Amino acid sequence: MKTDTDLDLLFDRWKERIERLIREHPLQIISWEATRRCNMNCVHCGSPSENVNLDEELTTDEVVSAFDQIATDFDMSRFRHINITGGEPFVRKDLLEILSRISRSPFYRNIDIQTNGLILYDNPELFDCLKRYGVTGLGISIDGLETTHDSFRRIRGSFSKAFEAAKIAVENGYITTISTVAHSNNVVELPELFNLVRAKIQPRVFRVMTIDPIGRAEFDSEYLLSAEDVRSVIEFLRAEYQDSCGNYADPSTTMVELGCGGWLGRELEGICRPLIFHCIAGITNLGILFDGKIASCSNVPRDFIEGDLRIDRIRTVWEARYHRYRNFEWRRVGPCAVCDEWDYCHGGPMHNRRADDRISHCLFHGALARRDP
């Protein structure tokens, strides 16, 4: 359990580190949205396929060329990993070819793939192939107990397939994360789901992400969290994290953490996930969207696109643009204008920003700073 002195020191070091990263903005993570196509039709999807032109998807050679260009143009000494998202990455028939070609570079041997698990379950031979091509981590989505998950994901039987795919991933030595989107219909299930996952799958991480009003969820308020729901999620994470954080290095222990939902306030940051939050979009994280647009991550609205790799040199975009990701004063509007935790949060995650500069929602102001009597 961290003491107040420990947390003060943690915050001081964290602020220094963030300020240095903003100044230097080293490329550390590439988030590649492999496709918007998917074999599911989930209620909450933040990157739905219906409002984009799928014919604009990058070709095999265009993807490989982009990664080759990055390896040539950037200082890769601080590069950490590639995070592949979708849509569903495995619906790309050329995914293995792309992985085979880019993993020849020594910089691209630490790759994570975020997946719904269905294609992995149906094609277990993929587990061996992926290891050969630099894939070290798999994030598999399980969004509640069986009935809840299947309803949320709109495919009956999807829970059991995702569950089994995750078990096989762990058995094959992948750093496995179970990702759960917390929504109004599954908040009460989180403790039972976590205990089930910890006992039967034993992943390295059980990651909870609060549902965001983006993509399909922007138009379906049924699943959005109330302030009471958010507090329940945070209290669950806080209790489980404090019990398990000392054993994080033990592969038999499952760590819980909150995903990048936003700033929690000094009271809670650092005690319910193994980090203090600051959005890294455009600071250390480069986003490549399915159609070659250069962004900061796949969930940031397309109003904040900075370039197009079919036209621009990626390094030029990274150095000459991205000002709004590294200078924060434009975000100091609405609740951020009067927030006494601005110096830590800087306006929260970019995926919650909109073209008119407003923020769609804030965990801290919406649920955590204004507690009910």
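Residues numbered from 1 in each chain as written. Predicted model: local features only at pLDDT ≥ 70, side-chain atom pairs only at ≥ 80, totals over all residues. Heavy atoms only, no water.

## Notes on the overall build of the protein
Summing up its helical and strand segments, the protein has 13 helices and 10 strands in all. In terms of principal-axis extent, the alpha carbons of the protein reach across some 60 × 45 × 40 Å. Long-range pairs, those at least 24 residues apart, make up 73% of the contacts in the protein with a sequence separation of at least 6. Accessible surface computed for the protein: about 16100 Å², of which carbon and sulfur atoms make up 47%. For the protein, the distance from the average position of its 46 positive side-chain charges to the average position of its 57 negative side-chain charges is 3 Å. (Helix = DSSP H or I, 4+ residues; strand = E, 2+ residues; numbered from the N terminus. Contact = heavy atoms within 4.5 Å. Areas by Shrake-Rupley, 256 points an atom, 1.4 Å probe, with all protein chains shown as cover. Lys, Arg positive; Asp, Glu negative; His and termini not counted. Charge placed at Lys NZ, Arg CZ, Asp CG, Glu CD.)

## Some details on the confidence of the model for the protein
Here the protein averages 91 in pLDDT, while 94% of its residues score no lower than 70. Counting contacts from residues 245-249, a segment whose pLDDT is below 50, to residues more than four positions away or on other chains yields 5 contacts. (pLDDT = per-residue confidence, 0-100.)

## Things to note about the sheet that holds strand S1 (residues 29-33)
Read across the open sheet, the 10 strands follow the order S7-S6-S5-S4-S3-S2-S1-S8-S9-S10; overall the sheet is mixed. Unpaired on one side and paired on the other, strand S7 (255-258) and strand S10 (307-308) mark the two borders of the sheet. Relative to strand S6 (residues 205-210), strand S5 (residues 175-182) runs parallel, the two sharing 6 bridges. Pairing of Val181 across the sheet is with Met209, part of S6. Set on the sheet, helix H7 (residues 158-171) makes contact with strand S4 (135-141) and S5; between it and S4 the angle comes to about 160°. (Pairing = 2+ DSSP bridges. Axes fitted to C-alpha atoms, helices over the stretch in contact; angles between N-to-C directions.)

## Re empty space enclosed by the protein
In total, this model carries 3 cavities of 30 Å³ or more according to the counting rule given. Its volume calculated, the largest cavity comes out at about 70 Å³. Along its surface, the largest cavity is lined by Trp263, Cys336, Cys339, Glu341, Trp342, Cys345, His346, Gly347, Ile359, Cys362, Phe364 and His365. When contributions to the lining of the largest cavity are tallied by element, the ones reaching two or more residues are helix H12 (342-345) and helix H13 (363-368). Considering only residue class, the lining of the largest cavity consists of 8 nonpolar, 3 polar and 1 charged. By volume, the second largest cavity amounts to about 50 Å³. Considering the residues around the second largest cavity, the lining is formed by Gly261, Gly262, Trp263, Cys345, Gly348, Pro349, Asn352, Ile359, His361, Cys362 and Leu363. Residues belonging to the lining of the second largest cavity are distributed by class as follows: 6 nonpolar, 5 polar and no charged. (1 Å grid on protein atoms, 1.4 Å probe; cavity = no way out; pocket = protein on both sides within 12 Å on 5 of 7 lines; lining within 4 Å. Points joined across faces, edges and corners; volume = space filled by probe spheres on them. Nonpolar A, V, L, I, M, F, W, Y, C, P; charged D, E, K, R; others polar.)

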